[in-house]
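# Commentary on secondary and tertiary structure
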Amino acid sequence: MAERGGQARRRPWLWGAVLLVVLVAWACGRSGDTGTDRTGGATGSTRKPDASAHPSRTPATPTPKPSPSGTNTPSGTYDPAAYAPQVRARATEAGVSPRLLMAILYNESYKPHDPALERAWQRYKPGAAFGIANMHRAAFDETKRGRAFAGRRWEELPDDRDLAVRAAAWYLHDLARQLPAHPSGPYDKDELLGLGYNTGAGNMRAFARGAAPGSQAADYLSRLRSNWGKAGRAVARTGGG
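What this report covers is the structure whose coordinates are included nearby. On a predicted model such as this, the values are computed, not experimentally measured, just so you know.

### Looking at the overall build of the protein chain
The number of helices and strands found in the protein chain is nine helices and zero strands. When its helices and strands are written in sequence order, the protein chain yields α-α-α-α-α-α-α-α-α. Taking as baseline every contact in the protein chain between residues at least 6 positions apart, the subset at least 24 positions apart corresponds to 76%. Accessible area of the protein chain: about 10,700 Å², with a carbon and sulfur share of 55%.

Put into structure tokens, the structure is as follows:
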């Protein structure tokens, strides 16, 4: 997940342990929750933004039109490949690899992405990430500065999947600007950016200098590699990528 801090502390087993609690909270709040909650108090990472991150201003880009199947409308079912048009458009806008962006969406699809369920989980765990790219509040607020979506809010991510894809693309853009010109570690650029997306820019730069990822970051990298093939097929399905 995108965060500005130390190595990610993801514990996927929590989903299994707490799923019943979340579902109960979701069911109890469903009748009064219209999916427009704007009161989230998560602060995301407490680490100060990297001084070398200087988001560039970009012209407004038209939002990619959703496919006829209405993929921009969130639902309980989710397939990253359905968002190939948004991935290609937003990756091009940010100057990053659409295949990498798609692979990250696959990596981040480990949990349900129904908006109401995400909000129920966030009420249980205020520091949780939002949206199909699992972005924390601090990362989103830093990434949007000076950009065409600067007026958007982190709380909108569960309901607007194109916004989630766009923010993730620009986060990767900012990470890429912080990579050393000649990394000395064993990882290529896409692998380093994937690790940076998961663990933060500081750790990414350490990996670029040859530091070994911890077990959770190594698992993220392993899954990124496993998802690489289908990510390429997904973005190339209707041309491009």
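Still to come is the rest of the account.
### Let's talk about the nonpolar core
One finds M135, L172 and Y197 to be the most contacted residues of the largest nonpolar core, which totals 52 residues. Broken down by secondary-structure element, the contributors of at least two residues to this core are α2 (84-94), α3 (98-107), α5 (137-143), α6 (161-176), α7 (189-199), α8 (201-208) and α9 (215-236). Top element by residues in this core is α6. It accounts for 10 residues.

### Some thoughts on α9
Here α9 contains 22 residues, and its C-alpha end-to-end distance of 32 Å stays within 8% of the 32 Å for a straight helix at 1.5 Å per residue. At W228, α9 shows its largest bend, some 45°. A217, Y220, L221, L224, N227, A231, G232, A234 and V235 are the residues of α9 that are buried. Among the structural elements, α2, α3 and α7 are those in contact with the buried residues of α9.

### Topic: the pattern of salt bridges
Within the structure shown, the criterion is met by 12 salt bridges. For the salt bridge of R90 with D162, the shortest nitrogen-to-oxygen distance reads 2.7 Å. In this pair, R90 is assigned in helix α2 and D162 in helix α6, connecting sequence segments 72 residues apart. With respect to burial, R90 and D162 carry one shared label: buried. Residue R137 pairs with E155 through a salt bridge whose shortest N-O separation is 2.9 Å. Of this pair, R137 sits in helix α5 while E155 is found in the loop between α5 and α6, placing the two residues 18 residues apart along the sequence. Classification of E155 by relative accessible area gives buried; the value is 4%. Salt bridges sharing partners connect three or more residues here, namely R90, E93, D162 and R166.

### Topic: the environment of F140
Looking at the element boundaries, F140 is found in helix α5. Linking F140 and A167, residues 27 residues apart in sequence, is a C-alpha distance of 6.6 Å.

How each quantity is defined
Residues numbered from 1 in each chain as written. Predicted model: local features only at pLDDT ≥ 70, side-chain atom pairs only at ≥ 80, totals over all residues. Heavy atoms only, no water. Helix = DSSP H or I, 4+ residues; strand = E, 2+ residues; numbered from the N terminus. Contact = heavy atoms within 4.5 Å. Areas by Shrake-Rupley, 256 points an atom, 1.4 Å probe, with all protein chains shown as cover. Core = buried A, V, L, I, M, F, W, Y, C linked by side-chain atoms within 4.5 Å. Buried < 20%, exposed > 50% of the residue type's maximum accessible area, 1.4 Å probe, protein only. Expected span 1.5 Å × (residues − 1). Bend = angle between axes of the 7 residues up to and from the residue. Salt bridge = Lys/Arg side-chain N within 4 Å of Asp/Glu carboxyl O.

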